[in-house]
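Coordinate inspection notes
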Amino acid sequence: MKKELDRYFNILKRPSLKNEWRYIVNRSVYSKYPKFMWQYILHRRGKSKAQLDSFFDGFSDLAKRKEAGETVRLFLYNEEERKSDPSKRDVVLYVNIRHKGAPVALLVPGGAYRFVSVMNEGFPVAAAASARGYNSAVLVYRVAEYANSLRPVEDLKRALSVLCDCSDELGVDRNNIFLFGSSAAGHLCGYYCAAQSLPADRPIPRALVLSYPVVTFSQDTHKESRSYFLGRSATS
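So, here's what we can say about the structure. (Residues numbered from 1 in each chain as written. Predicted model: local features only at pLDDT ≥ 70, side-chain atom pairs only at ≥ 80, totals over all residues. Heavy atoms only, no water.)

1. With respect to the overall build of the chain
Looking only at helices and strands, one finds 12 helices and 6 strands in the chain. In the chain, which comprises 236 residues, the share counted as buried stands at 50%. Within the chain, contacts between residues separated by at least 24 positions form 71% of all contacts whose residues are at least 6 apart in sequence. By element, 50% of the accessible surface of the chain is carried by carbon and sulfur atoms, the whole surface being about 11,800 Å². (Helix = DSSP H or I, 4+ residues; strand = E, 2+ residues; numbered from the N terminus. Buried < 20%, exposed > 50% of the residue type's maximum accessible area, 1.4 Å probe, protein only. Contact = heavy atoms within 4.5 Å. Areas by Shrake-Rupley, 256 points an atom, 1.4 Å probe, with all protein chains shown as cover.)

2. Things to note about the side chain of S87
Mapped onto the fold, S87 is located in the loop between α5 (79-84) and β2 (92-96). Residue classification places S87 among the buried positions, given a relative accessible area of 7%. Side chain to side chain, S87 and R142 meet in a polar contact 2.9 Å long. (Polar contact = N/O pair within 3.5 Å; in protein donor to acceptor, adjacent residues only side chain to side chain.)

3. Regarding the pairing of strand β5 (residues 172-182)
When strand β3 (residues 102-108) meets β5, the two strands line up parallel, connected through 6 bridges. The partner of A105 across the bridge, within β5, is F178. Strand direction decides the pairing type here: β5 and strand β6 (residues 207-211), joined by 5 bridges, are parallel. Bridging across to β6, F180 finds its partner in V209. Assessed by its sense of winding, the connection that carries the chain from β5 through helix α10 (residues 184-194) to β6 is right-handed. (Pairing = 2+ DSSP bridges. Right-handed = clockwise from strand over helix to strand, strands pointing away.)

4. As for the packing of aromatic side chains
Within the structure shown, the criterion is met by 6 aromatic pairs. When the centroid spacing of 6.0 Å and the interplanar angle of 70 degrees are considered together, the rings of Y191 and F229 count as edge-to-face. Of this pair, Y191 sits in helix α10 while F229 sits in helix α11 (residues 223-230), and the two are 38 residues apart along the sequence. With a centroid separation of 6.0 Å and an interplanar angle of 55 degrees, the aromatic rings of F217 and F229 are classed as tilted. Within this pair, whereas F217 is found in the loop between β6 and α11, its partner F229 is found in helix α11, the two being separated by 12 residues in sequence. (Phe/Tyr/Trp six-rings, centres within 6.5 Å; stacked < 30°, edge-to-face > 60°.)

5. Considerations on α10
When you tally the buried positions in α10, you get 8 out of 11 residues, the bulk of the element. Packing partners of the buried residues in α10 comprise β3, α8 (151-165), β5, β6 and α11.

6. Here's the deal with the pairing of strand β4 (residues 135-140)
Every other side chain in a regular strand lies on the same face of the sheet, so the side chains alternate between the two faces. Counting buried positions over the 6 residues of β4 gives 6, a clear majority of the element. On β4, burial covers both faces: N135, A137 and L139 on one face and S136, V138 and V140 on the other are all buried. Across 4 bridges, the pairing between β3 and β4 is parallel. Residue pairing across strands places A105 opposite S136, the latter belonging to β4.

7. Some details on the side chain of N96
Looking at where N96 falls in the secondary structure, it is placed in strand β2. Among the polar contacts listed, one links the side chain of N96 to the side chain of R98, at a separation of 3.2 Å. Non-local contacts of N96, meaning those with residues more than four positions away in its chain, are made with D61, R65, A126, S130, N135 and S136.

This is the structure:
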């Protein structure tokens, strides 16, 4: 097991990942990412080696592509928007474009609207999609104190708009965008596609896939997701 742990930690310490932690991990949840990673590894050790391997292979793939000079991260808001609204500064799209002109899977990880679980529902899924001939993009959207007032919905709309408007530049098929939402992000993606209150001309994906989604905010279910998305005052 020591050899495996050494491999995991060597991946985390790669210089190419140093500037990515601020986007991958919500700063209001984990103040020191390496400490969290130690806890995660020790918690999972001996329980789910396959999940750990998938988790760290996703990070390794990200590091290798960045070291090869690929564009792996796009800001969804321009510099002026990020300066005027600090909540937008860490909203990014991690792209994995290896199959020019192929369909693209927009992956939206869950996390109870408290954090974005790219380690479980983002990078490993992106690597699997790439192996099957699909392009992919992982959305890191606003969560925690920035999750209310429909900000995550705005981020999802912007991500779809970027994939459509920049499809030629990115090398993806704008008519074949598949939206995947997991857990709380299943709620986010379902809400985005179904809510009649949103603009009718918003970009809509060709298909929607919801993985173990949050589908109700009733009083006794998904209290954490409900609290962050609606605001604590609305759920107290």
